[in-house]
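# Observations on the model geometry
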Amino acid sequence: MQTPKLSVIIVSYNSEAFIEKCLTSLQEDEIIVFDNASSDRTIQIIKKFTNIKLIKSSENLGFAKANNKAAEEAKGEYLFFLNPDTEVEKPLDELVNFYENTPNAGIVGPKLVLENGAIQPSARKLPTIMGAFKEYILGVKNAYSQYIPGGKPTEVEMVYGAAILIKKDLFERLGGFDEKFFLYYEDVDLCKRVKNLGKKIYYYPKVTIKHLVGATKSGMDKNKLNMESAVKYHGKLGAFILQLIFLIPRLRRHL
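Residue indices begin from 1 for each chain and proceed along its sequence in written order. Local features are withheld for residues below a pLDDT of 70 in this predicted model, meaning they are given only at 70 or higher, and side-chain atom pairs are given and counted only at 80 or more; totals for whole chains, interfaces and linings count all residues. For the side-chain quantities, the full set of heavy atoms in the structure was used; hydrogens and water were omitted.

## Some remarks on the environment of Glu179
Looking at where Glu179 falls in the secondary structure, it is placed in the loop between helix H6 (168-173) and helix H7 (186-196). Separated by 114 residues in the primary sequence, Glu179 and Lys65 have C-alpha atoms spaced 5.3 Å apart. By definition, any uninterrupted DSSP run of H or I lasting at least four residues is a helix, any uninterrupted run of E lasting at least two residues is a strand, and each is numbered from the N terminus.

In structure tokens, the structure reads:
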């Protein structure tokens, strides 16, 4: 079998409501699904697809570690990390072509479109306390929160991990996703480390992917996980200051 150009990697967890549509939408030669110990019918649905390489975990390893383990099995020159609550509208060749023909590209993210047809804001500045202060206290738009760059390929500071393309050798050089993050901030951290190497992050809106935001149902407390990851990324003091900054606009509205 010829070595694939692209390996699509999906981490599933109780994804029975949408995993079939996701897998049906893919046309790539290598598709790897790492299942994080789903307790619903996710595994049975995946097994319907004879072209899928399924890796079953006996425990939920989290997003970063599961993707890293799947990436170790990938044969492609490029890795495309994709959430299971998505549908790819056309082959991903155009995304790869853009990466190959763009000097110093490190990560490329496509346009994400919500279920109602609206474009999902999926690019942002790398989150910092100063950025939060500028946006939430001084009113500077797009200094911290996510935004839509526009209709042309655009260099940005980061794109969301729901759908990202990266060269496998670069991913391996970086040591993959940082496994100290169980869920959330692993994409922030990866983009930051890519930029630290002098590589560029691009938003590429000519490839569109439908995204059901927050579709995965689980017993995990996502707010708690988000806070835990924020502390790991910003430090305890930084995360505390951020919470104070986010609180100020809410207090202003009630004055």
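## Regarding the layout of surface pockets
Space inside the largest pocket adds up to approximately 1200 Å³. In terms of lining, the largest pocket is formed by 42 residues, of which the most central are Leu183, Tyr184, Tyr185, Glu186 and Asn226. Mapped onto the lining of the largest pocket, the elements with two or more residues apiece are strand E1 (6-12), H7, helix H8 (222-234) and helix H9 (236-253). In terms of residue count, the dominant contributor to the lining of the largest pocket is H8 (five residues). Cavities and pockets were defined on a 1 Å grid built from protein atoms only: a cavity is a group of points that admits a 1.4 Å probe but offers it no way out, a pocket is an open group of points flanked by protein on both sides within 12 Å along at least five of seven lines, and a lining residue is one with an atom within 4 Å of any such point. Grid points are joined across faces, edges and corners, and a volume is the space filled by probe spheres set on the points.

## Some words on the side chain of Asn68
In this structure, Asn68 sits in helix H3 (residues 63-73). Whether a residue is buried, partly exposed or exposed follows from its accessible area with a 1.4 Å probe, protein chains only, as a fraction of its type maximum: under 20%, in between, or over 50%, in that order. Residue class for Asn68 comes out buried when judged on its relative accessible area of 8%. We define a polar contact as two N or O atoms separated by no more than 3.5 Å, with the added condition that, inside protein, one atom must be a possible hydrogen donor and the other a possible acceptor, whereas residues neighbouring each other in sequence contribute only through side-chain atom pairs. There is a polar contact of 3.0 Å between the side chain of Asn68 and the side chain of Glu179. Contact criterion: two residues are considered in contact whenever any of their non-hydrogen atoms come within 4.5 Å of each other. Setting aside chain neighbours within four positions, we find Asn68 in contact with Phe171, Gly175, Gly176, Phe177 and Glu179.

## Details of the nonpolar core
Take the buried Ala, Val, Leu, Ile, Met, Phe, Trp, Tyr and Cys residues and link them wherever side-chain atoms come within 4.5 Å; each set so joined is a nonpolar core. In terms of nonpolar packing, the biggest core is built from 78 residues, with Ile10, Leu23, Phe80, Leu82 and Ile166 touching the most fellow members. Counting residues per element, this core draws most heavily on strand E11 (residues 200-211), which supplies six residues. Contacts of Leu23, omitting those with residues within four sequence positions, involve Ile10, Ile31, Val33, Ile46, Phe49 and Ile52.

## Side note on the environment of Asp29
By secondary structure assignment, the location of Asp29 is in the loop between helix H1 (19-24) and strand E2 (30-35). Note on Asp29: relative accessible area 59%, which makes it exposed. Distance in space between the C-alpha atoms of Asp29 and Thr3 is 9.0 Å, their sequence separation being 26 residues.

## A few points about the environment of Lys195
Relative to the assigned elements, Lys195 resides in helix H7. In the structure, Lys195 is positioned 19 residues away from Gly176 in sequence and 14 Å away in space, judged by C-alpha atoms.

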